[in-house]
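# Understanding the architecture of this molecule
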Amino acid sequence: TYKMGKDFWQTQSYLDTTINSVPHLIWYKDKEGAHMKVNEAFCKAVNKTMEQIEGRGHYYIWDIDPEEYAKGEFICMESEYEVMEKRETCIFDETVKIGDSMRELKTYKSPLLDLDGSVMGTVGVAIDITQERLYEQELINNNRTLETIFTSLDCGIMCHSTDGSRIISVNRAALEILGYQSE
C-alpha cells in the first residue's frame, strides 16, 4: 500500500510538473464538458484559479453571456463530441474571448479513455496563434501593396531567377516597352 501510494504520488507529481511547464493551455474534460484538470497556462489565460475552473463548464470559464449559454455551450462542446465519437485526435481552429480580446487558438483534442477503454472525456492542448494570424494578415496586405505598386508603375520591371535563365514576373510597363501584349 505504501509503495502504491508513493508510486501514485510520484506519477501525479510528474504529470503536474509536466503540464504546468508547458506554456500552452492544457485541460481534461469529462463527457459533460466540465474541466476536471487544467494547467497553470490555462488559468493565466482565463484569469481564474484552478479552484475556480475545475469542475466548471465552458461557459463559466470563458465568460459567455448567460443568455447565450444554451447556444454557446452546444457550440463549444461540438468539437468535444466529435472527438469522443471518432475516438481519435482532432485539430480545430477556435476563436475564444479572453478578457476584452478575441484570441485564435489551434486546439488538439483527444479522447480520454477509462481503464475499460470507454471514452470518459477529452484531453486538449490549445496554442494561441493570434499573433501568427496577425503577422500572416500583415504579410498578405504588404504583398498586395507591393503587387499594386509593381503593376501600376510606369517604368518597366522584370523579375528573374538569380541565374537569369527564367523570368518570374513582368509588369505592364515592361510588356509595353518590349512590345508584348501579355505575359
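Residues numbered from 1 in each chain as written. Predicted model: local features only at pLDDT ≥ 70, side-chain atom pairs only at ≥ 80, totals over all residues. Heavy atoms only, no water.

Tracing the backbone through its elements, the reader meets Glu-94 in strand β3 (residues 90-98). One polar contact links Glu-94 to Lys-109, side chain to side chain, over a distance of 2.9 Å. (Helix = DSSP H or I, 4+ residues; strand = E, 2+ residues; numbered from the N terminus. Polar contact = N/O pair within 3.5 Å; in protein donor to acceptor, adjacent residues only side chain to side chain.)

Attention shifts here to the sheet that holds strand β2 (residues 35-38). Spatially, β2-β1-β5-β4-β3 is the arrangement adopted by the 5 strands of the open sheet, whose pairing is antiparallel. Across the chains shown, the open sheet's two edge strands, defined by having one partner strand only, are β2 and β3. Mean inter-strand twist for the sheet, computed between neighbouring axes without regard to direction, equals 30°. Examined bridge by bridge, strand β4 (residues 101-113) and strand β5 (residues 119-128) share 9 bridges and lie antiparallel to one another. When the bridges of β5 are listed, Ser-110 appears paired with Val-123. (Pairing = 2+ DSSP bridges. Axes fitted to C-alpha atoms, helices over the stretch in contact; angles between N-to-C directions.)

Quick look at the pattern of salt bridges now. Per the counting criterion, the structure on display carries 12 salt bridges. Notably, a salt bridge pairs Lys-3 with Asp-7, separated by 3.0 Å at the nearest N-O pair. Here Lys-3 and its partner Asp-7 are both found in helix α1 (residues 2-21), 4 residues apart, which amounts to about one turn of the helix. In this structure, Glu-176 engages Arg-172 in a salt bridge whose closest nitrogen and oxygen atoms are separated by 3.4 Å. Here Arg-172 and Glu-176 lie together in helix α7 (residues 172-178), a separation of 4 residues that amounts to about one turn. Taking relative accessible area as the criterion, Glu-176 reaches 55% and is therefore assigned exposed. One connected set of salt bridges, linked through shared partners, spans Lys-29, Glu-80, Glu-94 and Lys-109. (Salt bridge = Lys/Arg side-chain N within 4 Å of Asp/Glu carboxyl O. Buried < 20%, exposed > 50% of the residue type's maximum accessible area, 1.4 Å probe, protein only.)

Of the pairings in the sheet, the one linking strand β1 (residues 25-30) to β2 comprises 3 bridges and is antiparallel in character. Pairing of Tyr-28 across the sheet is with Lys-37, part of β2. Counting the residues in the hairpin turn of β1 and β2 gives 4 residues, including Gly-33, whose phi is positive at 95°.

Honestly, it's all geometry; don't read function into it.
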